[in-house]
Amino acid sequence: MSAPSSPTVAPGAGASPAGRPVPVAEIDASLRWPVLLLFVSAVLWLVFGTILALIASIKLHGPGFLNGSAWLTYGRINPAAMNALLYGFASQAGLGVALWLLCRLGRVGLCCQAPLIIAGVFWNLGVAAGIFGILAGDSTGFQWLEMPRYASPILFAAYALIGLCAVITFHARRERPLYVSQWYLVAALFWFPWIYSAANYLLVFRPARGVMQAVVNAWFTNNFLGLWLAPIGLGAIFYFIPKLTGRPLHSRPLAAFGFWTLAFFTNWTGLTQLIGGPLPAWLPAASQAANGLMIVPILCAGMNWFLTLQTTDRQNQEHLTLRLVRLGATCYLAWGLMSIFTGLRAVSEVTHFTYVTVAQNYLALLGFLALTFFGCLYYIVPRLTQVAWPSEKLARWHVTCSTAAIAVIVIALTMAGLWQGAKLNNSTADFIALTRATLPWGGLFTLGLLLFLAGQLLFLKITVSQEFVFAAARLRRAVPPDGDQLFHRRGGAWGGRQTMNSGPLLFLGIFATLASSFWGLLLLPQLQIGRQEPVKLEANDALYPANRPGQARQGAEVYRSLGCVECHSQQVRPKGFGSDFERGWGERRTVAQDYLYDQPVLLGSLRLGPDLANIGARQTNAIWHLIHLYQPKSTSPGSMMPPYAFLFEKRQLRWGEARSPDALALTDAPSAEEIVPRPEAEALAAYLLSLHSDVPLFEAPMPLTKTNVVGAATTNAPTTTTNSPPPPK
Amino acid sequence: MSRENQADQFPENPGPGHPTGDIPAAAMASGAMGLFTENSEPTAGSAELPVLLIGLLVVLLYWGDVYLLQNSGEFNPKVYYPYRSYDQVVMMNPIDPVAAREREGRKVFDLVCSACHMPSGTGNRGNNVPPLAGSEWVLAEGPNRIIRIVLNGLQGPLEVKGDQYGANVMTPFNILTDDQIAAALTFVRHSWGNNAGPVNPEKVKAIREATKDKDGSWSPDELKKIPEKD
């Protein structure tokens with residue numbers, strides 16, 4: 001049994017240069033410090049991210065909550081929370097799980113532990129710098145890539161080191177044949193640096209032009225979940241279900257089929273987020289076609305897991321890790337089906353720009369990934385520390401709490417979103433009233449987050465109360481001398497064909513699949529819409545779009561920095577699709593031409609406030625915008641927008657001193673003081689006035705009216721203002 | 001069959017296989033694999049891939065192909081949903097006859113008129129060519145007089161915008177078609193700050209018919225007798 005060249009060993013294993021598989025205990029010992037570092041910081045980021053998400057969710061129904069400074073505004077807290085959850089928690093926990101699984105399945109100890117620990121520290125520094133940057137207003141504005149340019153390179157460098165160690169470890173594996181999980185893990189480790197570096201390069205360091213930024217961003221967010229985090233979660237599920245039931249996975253050919261269909265189709269589905277958006281028809285159509293095909297990999301995974309679990313009785317499934325992994329797997333299937341569903345055009349018409357998109361992300365992030373990774377944590381950590389968990393009861397409470405919380409969050413957000421979408425598409429429903437009507441669901445969402453936070457605090461209690469983690473420090477015990485007799489050789493029966501065991505071939509396939517969408521969704525559109533030039537308008541020979549005047553461009557920076565995009569979209573869907581047109585948000589759909597000079601292009605994915613693509617034409621009064629920013633409720637009664645009072649200066653007037661000409665004419669202001677807009681507020685108002693998309697273009701024809709025949713608004717320059725605020729449209 | 005036991009991870013709640021409940025100590029004593037027993041690493045069975053799944057993939061691939069082709073808008077960057085082809089976008093663009101006539105008129109003007117009246121319609125003071133931009137003759141309420149000038153020419157002297165332009169002759173341009181004249185005049189009346197109404201080809205045709213017996217050029221005095229507008 002211990003002889004590496006034993007005839008019962010699977011072919012290939014004997015050919016390994018190092019030959020001898022490493023004993024399990026030795027593997028775990030080699031993984032101890034790097035993986036513990038990743039796990040501990042992941043859990044801390046999860047708690048931190050949940051607290052931020054909780055604050056953000058309270059702000060949704062109480063816009064006055066913690067509303068003193070720019071640092072705590074919703075537009076910064078919310079992306080900070082998502083980044084903490086995505087990069088701090090999910091990515092780190094995923095890396096830890098991936099390292100452990102690669103070592104265990106390769107039957108080899110972790111190489112280069114010291115570099116891994118350094119890289120882990122740097123990853124955390126990068127996340128911290130990024131989140132600090134977002135809160136300080138340096139966000140790039142791009143969804144899930146908000147981390148400023150001084151943080152993302154740290155993350156990338158840290159990842160490069162971790163990824164390199166993982167690949168070396170994988171290459172040095174003693175067990176040459178590959179198990180299903182390894183496909184997913186190797187693929188994820190390869191895909192992540194590609195999508196992360198490409199998206200950062202094309203959005204932040206050498207930004208693509210105009211609406212291509214939105215394409216790159218959608219491609220990135222989709223792949224970040226679908227090709228980076230999800231494959232690690234899937235790898236863990238494919239490992240733990242057979243491992244803990246003690247039964248072989250139902251079918252390797254089925255798993256291979258599922259793997260390749262997933263690899264091929266996932267990366268093409270990103271642009272379903274932009275159905276109705278300013279993209280030529282073929283781009284969303286390509287993503288929608290791929291989206292329909294996603295049924296196949298999801299069905300494959302579901303079948304494989306179900307048929308494996310079926311072979312063993314329920315009693316064998318009571319293991320806590322198995323329970324969590326099963327829940328995670330269920331959430332994965334639900335999330336996959338939900339994504340397919342919301343990617344249909346008819347459904348997207350309702351769910352786009354609503355809480356449903358948020359629900360979907362939480363289902364993936366907290367449901368699928370957090371539950372699966374916690375399952376892994378419960379299994380892996382005791383093996384690393386050599387200390388058993390102190391209390392199963394608390395652990396079960398943790399699981400129950402988290403699961404219930406996720407159910408509450410997802411159901412509340414989905415219901416709120418469906419209701420919101422139905423009302424949004426009914427053009428007679430008042431916007432402010434319908435937004436307010438989702439508040440009870442928002443409250444439920446907050447409760448869900450609170451419950452989730454309670455669960456995580458319980459988990460912290462489990463670990464800290466027994467000095468669980470620190471106990472490991474005292475445990476510098478030697479590795480058990482001889483692990484060989486305990487080493488369980490994989491059964492010789494690999495089953496039928498020995499396919500997909502070659503690292504290089506696997507790599508080629510992984511490369512080709514992502515390259516296909518890189519070519520099809522990024523390169524081709526870059527050649528088409530990425531090189532657009534301003535066009536000459538027929539009406540008056542002016543070039544469209546005109547570049548923004550300086551003040552408006554500064555205002556765009558304020559808009560980006562305050563995260564206005566978290567609640568406001570800047571895209572008008574075509575007439576007859578949604579009710580954007582009927583609501584008067586635009587006189588025509590927006591097209592790529594409209595965004596040529598935007599940097600960054602902030603299309604937005606949620607409409608908690610009205611669309612702003614054409615706000616400069618809808619509300620031409622700068623004073624109205626300033627008063628609205630200072631006190632939204634005074635111009636739009638009932639508005640849920642938080643007041644941006646920190647953009648204004650409150651001055652005490654000395655006796656006899658005249659009011660500044662810039663002071664806001666507020667009706668209820670005390671006579672002894674005046675409110676003067678700071679330069680940021682003036683710039684933001686100028687930017688809002690510069691948002692126009694009301695010029696007829698060939699690709700977006702408008703019905704003939706007298707305004708557009710003569711070319712009413714042909715430049716992006718702010719319209720001159722009058723002093724009497726007209727009522728908002 | 002399963003050697004994995006939950007009790008290993010949670011010593012307070014020993015499973016049936018560990019009656020003592022003192023797992024860590026027991027496991028230590030046994031010396032073997034640290035604290036925890038576990039199953040062997042997972043393996044995968046070799047059950048065949050269901051043919052139905054392959055069938056489903058093929059059907060979906062076919063569907064995706066058809067869907068993409070129907071909704072791709074011919075992969076043309078100018079075609080946006082809900083349009084399906086470039087021709088459809090062309091069709092959906094509202095045709096503004098006046099604007100189209102104006103575009104046509106610019107071509108005629110550049111070829112025929114701009115040599116004397118200058119591309120920017122300023123005329124040429126030195127050569128006694130009056131301006132068109134801002135000219136009261138061009139901006140008249142109706143085009144009755146300027147159509148006649150184009151058809152039969154004009155013999156000065158002429159006063160435009162308060163300036164005298166001497167005895168120069170504008171040659172008749174009756175070789176131009178009604179459409180071309182209407183287009184050029186529409187352009188002239190709506191350019192360089194001019195903002196007067198368009199000129200219809202029917203009007204040109206009617207005047208051409210009415211003045212076909214006219215011999216020689218118009219003089220300003222003759223023209224002033226003709227009402228600006230019908």
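Note that the structure is a prediction, hence the values are computed from the model and not measured. (Residues numbered from 1 in each chain as written. Chains lettered and ligands numbered in written order. Predicted model: local features only at pLDDT ≥ 70, side-chain atom pairs only at ≥ 80, totals over all residues. Heavy atoms only, no water.)

**Looking at the overall build of chain B**
Here's step 1: Along its length, chain B carries eight helices and four strands.
Here's step 2: Secondary structure of chain B in N-to-C order comes out as α-α-α-α-α-β-β-β-β-α-α-α.
Here's step 3: The 230 residues of chain B split such that 43% are buried.
Here's step 4: Counted over contacts in chain B with a minimum sequence separation of 6, partners at least 24 positions apart contribute 58%.
Here's step 5: Only carbon and sulfur atoms are counted for the fraction: they give 58% of the accessible area of chain B, which is about 12,200 Å². (Helix = DSSP H or I, 4+ residues; strand = E, 2+ residues; numbered from the N terminus. Buried < 20%, exposed > 50% of the residue type's maximum accessible area, 1.4 Å probe, protein only. Contact = heavy atoms within 4.5 Å. Areas by Shrake-Rupley, 256 points an atom, 1.4 Å probe, with all protein chains shown as cover.)

**Some words on the overall build of chain A**
Here's step 1: When its secondary structure is counted, chain A shows 23 helices and four strands.
Here's step 2: Looking at chain A as a whole, 63% of its 729 residues qualify as buried.
Here's step 3: Nonlocal contacts in chain A, meaning residues at least 24 apart in sequence, comprise 83% of its contacts between residues at least 6 apart.
Here's step 4: Accessible surface, chain A: about 25,400 Å² in total, of which carbon and sulfur atoms supply 65%.

**Brief notes about unusual backbone geometry**
Here's step 1: At the junction of Tyr 544 of chain A and Pro 545 of chain A, the peptide bond is cis and its omega measures out at -5° in the coordinates.
Here's step 2: The omega torsion across Gln 599 of chain A and Pro 600 of chain A is -5°, close enough to zero to call that bond cis.
Here's step 3: Residue placement: Pro 600 of chain A occurs in the loop between helix H18 (550–561) and helix H19 (615–618).
Here's step 4: Even without glycine at this site, Gln 386 of chain A takes up a positive phi of about 65°.
Here's step 5: In this structure, Asn 128 of chain B takes a positive phi of about 60° despite not being glycine.
Here's step 6: Topologically, Asn 128 of chain B is positioned in the loop between helix H4 (97–117) and helix H5 (144–152).

**Remarks on the packing of helix H2 (residues 74–106) of chain A against helix H4 (residues 152–171) of chain A**
All names here are of chain A.
Here's step 1: Two elements in contact, H2 and H4, have axes whose closest approach is 9 Å; the angle formed by their N-to-C orientations is 15°. The angle between H2 and H4 places the two elements in the roughly parallel class. Where H2 crosses over H4, the handedness of that crossing is left-handed. Where H2 abuts H4, its residues Tyr 87, Leu 95, Leu 99, Leu 102 and Cys 103 lie against Leu 155, Tyr 159, Ile 162, Ala 166, Thr 169 and Phe 170.
Here's step 2: When the residues that make up the contact of H2 with H4 are grouped by side-chain class, the tally is 10 nonpolar, one polar and no charged. (Axes fitted to C-alpha atoms, helices over the stretch in contact; angles between N-to-C directions. Parallel < 35°, antiparallel > 145°, perpendicular 65-115°, else oblique. Left-handed = near helix turned anticlockwise from the far one by under 90°. Nonpolar A, V, L, I, M, F, W, Y, C, P; charged D, E, K, R; others polar.)

**Some points on helix H20 (residues 622–630) of chain A**
Here's step 1: Taken across its nine residues, H20 of chain A has eight buried, putting it largely inside the fold.
Here's step 2: Among the residues of H20 of chain A, Ala 622, Trp 624, His 625, Leu 626, Ile 627, His 628, Leu 629 and Tyr 630 of chain A are the ones counted as buried.

**Some remarks on the pairing of strand E4 (residues 673–677) of chain A**
All names here are of chain A.
Here's step 1: Burial analysis of E4 places five of its five residues in the buried class, which makes it a mostly covered element.
Here's step 2: Side-chain alternation along E4 places Glu 673, Ile 675 and Pro 677 on one buried face and Glu 674 and Val 676 on a second face that is also buried.
Here's step 3: Pairing geometry for strand E3 (residues 648–652) and E4, over five bridges, is antiparallel. Each residue of the ladder has a partner; that of Gln 652, found in E4, is Glu 673. (Pairing = 2+ DSSP bridges.)

**Topic: the packing of aromatic side chains**
Here's step 1: In this structure the tally under the stated criterion is 50 aromatic pairs over all chains.
Here's step 2: Ring centres 6.3 Å apart and planes at 55° place the aromatic pair Trp 123 of chain A and Phe 192 of chain A in the tilted group. One end of the pair, Trp 123 of chain A, is in helix H3 (residues 113–136); the other, Phe 192 of chain A, is in helix H5 (residues 180–205), and 69 residues separate them in sequence.
Here's step 3: Judged by its relative accessible area of 0%, Phe 192 of chain A falls in the buried class.
Here's step 4: Taking the ring centre of Tyr 165 of chain B as reference, the NZ or CZ of Arg 125 of chain B above it sits at 4.5 Å. (Phe/Tyr/Trp six-rings, centres within 6.5 Å; stacked < 30°, edge-to-face > 60°. Lys NZ or Arg CZ within 6 Å of the ring centre and 35° of its normal.)

**As for the environment of Gly 45 of chain B**
Here's step 1: Note on placement: Gly 45 of chain B falls in the loop between helix H1 (23–30) and helix H2 (51–71).
Here's step 2: The class of Gly 45 of chain B is buried, set by a relative accessible area of 16%.
Here's step 3: When neighbours within four sequence positions are excluded, Gly 45 of chain B is seen to be in contact with Pro 248, Leu 249, His 250, Ser 251, Arg 252 and Pro 253 of chain A.

**Brief notes about the pattern of salt bridges**
Working definition: two side chains of opposite charge can pair if their charged atoms are close together.
Here's step 1: Going through the model one piece at a time under the given rule, you end up with 23 salt bridges over all chains.
Here's step 2: Salt-bridge contacts for Lys 243 of chain A lead to Glu 41 of chain B; the nearest nitrogen and oxygen are separated by 3.2 Å. Here the residue Lys 243 of chain A occupies a position in helix H6 (residues 212–245), and Glu 41 of chain B occupies one in the loop between H1 and H2, the pair thus bridging two chains.
Here's step 3: In this structure, the salt-bridge partner of Arg 651 of chain A is Glu 649 of chain A, at a minimum N-O distance of 3.9 Å.
Here's step 4: Within the structure, one salt-bridge network assembled from shared partners comprises Asp 28, Arg 104, Lys 243 and Arg 383 of chain A together with Glu 38 and Glu 41 of chain B. (Salt bridge = Lys/Arg side-chain N within 4 Å of Asp/Glu carboxyl O.)

**Quick look at the confidence of the model for chain B**
Detailed reading of the predicted coordinates is not advisable wherever pLDDT is low.
Here's step 1: Per-residue pLDDT for chain B averages 81, and the proportion of residues at 70 or more is 85%.
Here's step 2: For residues 13–34 of chain B, every residue scores under 50 in pLDDT, and the model assigns this stretch 30 contacts once sequence neighbours within four places are set aside. (pLDDT = per-residue confidence, 0-100.)

**As for the side chain of His 117 of chain B**
Residue and element names in this part refer to chain B.
Here's step 1: Its place among the elements puts His 117 in helix H4.
Here's step 2: In this structure His 117 comes out as buried when scored by relative accessible area, which is 12%.
Here's step 3: Once residues within four sequence positions are removed from consideration, His 117 is found in contact with Phe 109, Thr 122, Gly 123, Val 129, Pro 130, Leu 132 and Met 170.

**Overview of the nonpolar core**
Residue and element names in this part refer to chain A.
Here's step 1: By size, the foremost hydrophobic cluster in this structure holds 203 residues, and its most contacted members are Tyr 87 and Trp 228.
Here's step 2: At 22 residues, the largest contribution of residues to this core is made by H6.
Here's step 3: Of all hydrophobic cores here, the second largest spans 28 residues; its members include Leu 602, Ile 627, Phe 648 and Leu 684. (Core = buried A, V, L, I, M, F, W, Y, C linked by side-chain atoms within 4.5 Å.)

**Some details on the side chain of Ser 114 of chain B**
Residue and element names in this part refer to chain B.
Here's step 1: Topologically, Ser 114 is positioned in helix H4.
Here's step 2: Overall, the relative accessible area of 12% leaves Ser 114 in the buried class.
Here's step 3: Excluding anything up to four places from it in sequence, Ser 114 contacts Phe 109 and Pro 119.

**Remarks on the environment of Ala 281 of chain A**
Here's step 1: Structurally, Ala 281 of chain A is set in the loop between helix H7 (252–266) and helix H8 (282–293).
Here's step 2: We classify Ala 281 of chain A as buried; its relative accessible area is 7%.
Here's step 3: In contact with Ala 281 of chain A, other than residues within four places in its own chain, are Asn 71, Ser 72, Gly 73, Val 79, Tyr 80, Tyr 81 and Tyr 83 of chain B.

**A word on H7 of chain A**
Residue and element names in this part refer to chain A.
Here's step 1: For H7, which comprises 15 residues, the first-to-last C-alpha distance of 21 Å matches the rise-based estimate of 21 Å (1.5 Å per residue) to within 8%.
Here's step 2: Counting buried positions along H7 gives 12 out of 15 residues, so the element sits mostly inside the fold.
Here's step 3: Listed in full, the buried residues belonging to H7 are Arg 252, Leu 254, Ala 255, Ala 256, Phe 257, Gly 258, Phe 259, Thr 261, Leu 262, Ala 263, Phe 265 and Thr 266.
Here's step 4: Sitting at the head of H7, Ser 251 places a side-chain oxygen 3.0 Å from the backbone nitrogen of Leu 254. (Expected span 1.5 Å × (residues − 1). Polar contact = N/O pair within 3.5 Å; in protein donor to acceptor, adjacent residues only side chain to side chain.)

**A short note on a nonpolar patch on the surface**
Residues and elements named next belong to chain A.
Here's step 1: Residues Trp 33, Ile 117, Ile 118, Val 121, Phe 122 and Leu 125 make up a contiguous nonpolar surface patch of roughly 500 Å² in combined accessible area.
Here's step 2: For the nonpolar patch, the element with the most residues is H3, which contributes five residues.
Here's step 3: With respect to the secondary-structure elements, Trp 33 resides in helix H1 (residues 24–61). (Patch = residues over 30% accessible without salt bridge, like charges linked within 9 Å, V, L, I, M, F, W, Y side chains within 5 Å.)

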